Amino acid sequence: MNNPLESMMQTFNVYASKPENMDLIPGKSGITVRDLKFVLEELGEKVTEFELQELFNRMDSKQEGLISFEQFYNVMSSKRQGQELFETVLNGFRYLDKEGKGYIDVNEFRYLMSQFGEKFPLDEIKLMIETGAHPDDPSKILYEKFVNKMFFKDTGEEEEAAKPPAKGAKKK
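What comes next concerns the included structure. No experiment lies behind these values; they were computed from the predicted model shown.

### Re the overall build of the protein
Turning to step 1, where the next piece is worked out: When its secondary structure is counted, the protein shows nine helices and two strands.
Turning to step 2, where the next piece is worked out: Residue burial in the protein is summarised as follows: out of 172 residues, 34% are buried.
Turning to step 3, where the next piece is worked out: A sequence separation of at least 24 residues applies to 48% of the contacts in the protein between residues at least 6 apart.
Turning to step 4, where the next piece is worked out: Entry remark: accessible area of the protein is about 11500 Å², with carbon and sulfur atoms responsible for 54%.

### What about the nonpolar core?
As a rule of thumb, soluble globular proteins bury nonpolar side chains together.
Turning to step 1, where the next piece is worked out: I31, L36, L40, M59, I67 and F72 are the most contacted members of the largest nonpolar core, which totals 18 residues.
Turning to step 2, where the next piece is worked out: Every element with two or more residues in this core is listed here: α1 (4–16), α3 (33–42), α4 (49–59) and α5 (69–96).
Turning to step 3, where the next piece is worked out: Excluding its chain neighbours within four sequence positions, the residues that come into contact with I67 are F12, S29, G30, I31, L36, F56, M59, D60 and F72.
Turning to step 4, where the next piece is worked out: Grouped together as the second largest cluster of nonpolar side chains are 15 residues, F93, F109, I141 and F146 included.

### So, the packing of helix α6 (residues 106–115) against helix α7 (residues 122–132)
Turning to step 1, where the next piece is worked out: At a minimum axis distance of 10 Å, the contact between α6 and α7 shows a crossing angle of 140°. With respect to α7, the axis of α6 lies oblique. For the element pair α6 and α7, the recorded crossing hand is right-handed. Contact residues: V106, F109, R110, M113 and S114 in α6; I125, M128 and I129 in α7.
Turning to step 2, where the next piece is worked out: Of the residues in the contact of α6 with α7, the class split is six nonpolar, one polar and one charged.

The rules behind each value
Residues numbered from 1 in each chain as written. Predicted model: local features only at pLDDT ≥ 70, side-chain atom pairs only at ≥ 80, totals over all residues. Heavy atoms only, no water. Helix = DSSP H or I, 4+ residues; strand = E, 2+ residues; numbered from the N terminus. Buried < 20%, exposed > 50% of the residue type's maximum accessible area, 1.4 Å probe, protein only. Contact = heavy atoms within 4.5 Å. Areas by Shrake-Rupley, 256 points an atom, 1.4 Å probe, with all protein chains shown as cover. Core = buried A, V, L, I, M, F, W, Y, C linked by side-chain atoms within 4.5 Å. Axes fitted to C-alpha atoms, helices over the stretch in contact; angles between N-to-C directions. Parallel < 35°, antiparallel > 145°, perpendicular 65-115°, else oblique. Left-handed = near helix turned anticlockwise from the far one by under 90°. Nonpolar A, V, L, I, M, F, W, Y, C, P; charged D, E, K, R; others polar.

Listed below in structure tokens is the structure:
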């Protein structure tokens, strides 16, 4: 089973074909939020209870308590594309950080944001700098912190993961 779509569909269908799911909504097959957790785990996705409920709510827009494969696939596809973009942006910053210090110089950041790709206005660049600024040295942009906040907003959990290790501590 090399095709990711086939794998996703087969895993989904194992749970969708459970008798209790077949009887929830006549004529509709799908999975419940409880089943979603197992499907995601079998596909290698680890989610918190909060993320699980959030995903299910996005998939079950009609609030039927049952999601179809199409609903599941649409949300998971966009989630994976977002993860790929996140990794691409983070890897771009890592490439610029030749010494692996976890930050880039604020002037280099300002130059990159104003000259390449989508050229951002100065007020937006200033906000980006504030978002990623090192708490002890505003001349440095902690790019993991910046990218996490850019993609995940401000949940706290991601910010904690983006903190550089303490001196002498090994990175996880």
